[in-house]
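Examining the three-dimensional arrangement
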Amino acid sequence: MAAPSPMKKRKRRTGRQELLIHLLLIFSVILIGFPLYYGFVISTQSMDEVTKVPQSLLPSNHLLENYIKIWNRIHMGRLLINSCIVALVVSLGKIAISILSAFAIVFFNFRGKQIAFWLIFITLMLPVPVRIISTYQVVSYLGWVDTYAGLTIPLIASATATFLFRQFYLTIPDDMVDAAKIDGAGPLRFLWSILLPNSGANIAAMFVVMFIYGWNQYLWPLMVTSSDKMSVVVVGIASTVPTGTQLPEWNLVMAAAMMALLPPVLVVIFLQRWFVHGLIEPEK
């Protein structure tokens with residue numbers, strides 16, 4: 001019998017690799033998706049079903065009851081609106097400031113340009129929790145406590161976004177810059193007509209990341225807000241979990257978590273193609 005040809009061996013090896021990759025992908029999906037499914041199942045059950053041993057892994061018939069109950073208890077609509085405002089302002093503010101700062105660092109020559117860039121980059125070592133006391137003092141002095149300005153403005157600067165936009169702008173050919181100058185385009189015209197249209201994928205990718213960052217903020221909103229009308233959804237969910245010996249109503253907590261999960265999931269779904277494109281193809 002003739003030995004298998006190298007081509008058949010290669011195809012067989014490729015088939016095994018594809019099978020292994022698909023098995024790993026399926027395992028990853030199960031590993032990531034099961035906690036979400038389990039949380040949804042709990043949000044459809046009563047407290048008796050939640051505390052039952054062994055617990056059922058199938059949805060129950062208390063979905064509407066739990067969701068309506070927690071919606072009214074913590075004013076979920078108001079919390080979602082506040083979180084959307086914070087996430088949108090923070091993400092759009094970070095992108096706008098980062099684009100302008102990266103544009104200045106790459107396309108303008110001025111004394112201390114590299115020092116300015118590294119000073120911006122060093123702020124990555126000083127996240128909000130590290131400087132939260134001094135930031136709160138400034139916000140309190142300005143009268144921004146329990147306001148949207150206090151919730152958003154201290155969070156809109158981003159060294160990460162500045163660095164990423166800078167790296168992209170460094171790939172812009174010098175010929176394009178020279179052509180814009182010959183056509184009489186000023187700096188702002190060059191930014192608006194050439195850089196921004198070519199930065200669409202990067203902007204979308206950063207918007208997804210920064211929207212989720214703003215949506216998940218907990219410590220700063222907890223500290224800078226003092227009324228329920230300015231609270232955000234993450235703080236609202238945390239308030240449903242008692243700190244004493246009382247057993248939490250996990251079905252209501254999970255119902256609130258499922259509702260809080262929807263906006264960022266929708267953002268990721270709608271911008272998924274641009275998000276992936278902006279991350280894996282930095283050179284346009």
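Please refer to the structure higher up on the page.
Going along each chain's sequence as written, the residues are numbered from 1 onward. Local features in this predicted model are restricted to residues whose pLDDT is 70 or higher, and side-chain atom pairs enter the listing and the counts only when it is 80 or higher, whereas totals over whole chains, interfaces and linings include all residues. Excluded from the side-chain calculation are hydrogens and water; included are all heavy atoms of the structure.

1. With respect to the overall build of the chain
Segments assigned H or I by DSSP are reported as helices when at least four residues long, segments assigned E as strands when at least two residues long, and all are numbered from the N terminus. Along the chain, the regular secondary structure elements total 15 helices and zero strands. Against the globule reference of 19 Å for 284 residues, the chain gives a C-alpha radius of gyration of 25 Å, more extended than a compact globule. Taken along the three principal axes of its C-alpha coordinates, the chain extends 90 × 75 × 30 Å. Each residue is placed in one exposure class: buried if its accessible area under a 1.4 Å probe, protein chains only, is under 20% of its type's maximum, exposed if it is over 50%, and partly exposed if it falls in between. The buried share among the 284 residues of the chain stands at 34%. Here, residues are in contact when the closest pair of their heavy atoms is within 4.5 Å. Long-range contacts, defined here as pairs at least 24 residues apart, represent 74% of the contacts in the chain between residues at least 6 apart. Roughly 17600 Å² of accessible area belongs to the chain as shown, and the carbon and sulfur atoms make up 69% of that amount. Neither His nor the chain termini are counted; the positive set is Lys and Arg, and the negative set is Asp and Glu. Here the site of a charge means NZ on Lys, CZ on Arg, CG on Asp, or CD on Glu. Averaged over its 21 positive side-chain charges, the chain has a centre that lies 10 Å from the centre of its 13 negative ones. In this setup the radius of gyration rests on C-alpha atoms only. A globule is expected at 2.2 Å times the number of residues raised to 0.38. Note on areas: Shrake-Rupley, 1.4 Å probe, and residue coverage restricted to the protein chains presented here.

2. Here we look at the pattern of salt bridges
We define a salt bridge as a contact between a side-chain nitrogen of Lys or Arg and a carboxyl oxygen of Asp or Glu at a distance within 4 Å. Throughout the structure, instances matching the rule amount to one salt bridge. Put simply, Glu249 and Arg73 hold a salt bridge, and the shortest N to O gap is 2.7 Å. Within this pair, whereas Glu249 is found in the loop between helix H13 (233-239) and helix H14 (250-270), its partner Arg73 is found in helix H3 (residues 63-73), the two being separated by 176 residues in sequence.

3. Considerations on the nonpolar core
The definition of a nonpolar core used throughout is a set of buried Ala, Val, Leu, Ile, Met, Phe, Trp, Tyr and Cys residues joined through side-chain atoms within 4.5 Å. Counting residues in hydrophobic clusters, the biggest one holds 38 residues, and the most contacted among them are Ile70, Met76, Phe165, Tyr169, Leu195 and Val233. Among the elements of the structure, H3, helix H4 (76-107), helix H8 (159-169), helix H9 (174-182), helix H10 (187-198), helix H11 (200-215), H13 and H14 are those that each provide at least two residues to this core. When residues in this core are grouped by element, the largest group, nine residues, is from H4. If near-sequence neighbours (up to four positions away) are discounted, Leu195 is found in contact with Phe103, Phe107, Tyr169, Ile172 and Phe190. The next biggest cluster of nonpolar side chains, apart from the first, holds 12 residues, and it includes Ile132, Leu151, Val224 and Val235.

4. Examining the packing of H8 against H11
To get an axis, a line is fitted to the C-alpha atoms, and for a helix only the part in contact is used. The angle between two axes follows their N-to-C directions and goes from 0 to 180 degrees. Packing of H8 against H11 brings their axes to within 11 Å, and their N-to-C directions diverge by 165°. What the angle tells us is that H8 and H11 run roughly antiparallel. The interaxial crossing formed by H8 with H11 has right-handed handedness. On H11, the residues touching Ala161, Leu164, Phe165 and Phe168 of H8 are Asn202, Ile203, Met206 and Met210. Residue type decides the class: Asp, Glu, Lys and Arg count as charged, Ala, Val, Leu, Ile, Met, Phe, Trp, Tyr, Cys and Pro as nonpolar, and the leftover types, Gly among them, as polar. Counted by class, the contact of H8 with H11 contains seven nonpolar, one polar and no charged residues. By definition in this entry, angles of less than 35 degrees are roughly parallel, angles greater than 145 are roughly antiparallel, angles of 65 to 115 are roughly perpendicular, and the rest are oblique. In a left-handed crossing the near helix is turned counterclockwise from the far helix by less than a right angle, and in a right-handed crossing that turn is clockwise.

5. With respect to the environment of Asp175
Secondary-structure assignment places Asp175 in helix H9. With a relative accessible area of 60%, Asp175 lands in the exposed category. Between the alpha carbons of Asp175 and His62 there is a distance of 64 Å; along the sequence they are 113 residues apart.

6. Quick notes on unusual backbone geometry
Cis rather than trans, the peptide bond between Val53 and Pro54 has omega equal to -5°. One can find Pro54 in the loop between helix H2 (47-50) and H3. One non-glycine residue, His75, adopts positive backbone phi at about 55°. Considering the arrangement of structural elements, one finds His75 in the loop between H3 and H4. A relative accessible area of 54% means that His75 is categorised as exposed. One non-glycine residue, Asp146, lies in the positive phi region at around 65°.

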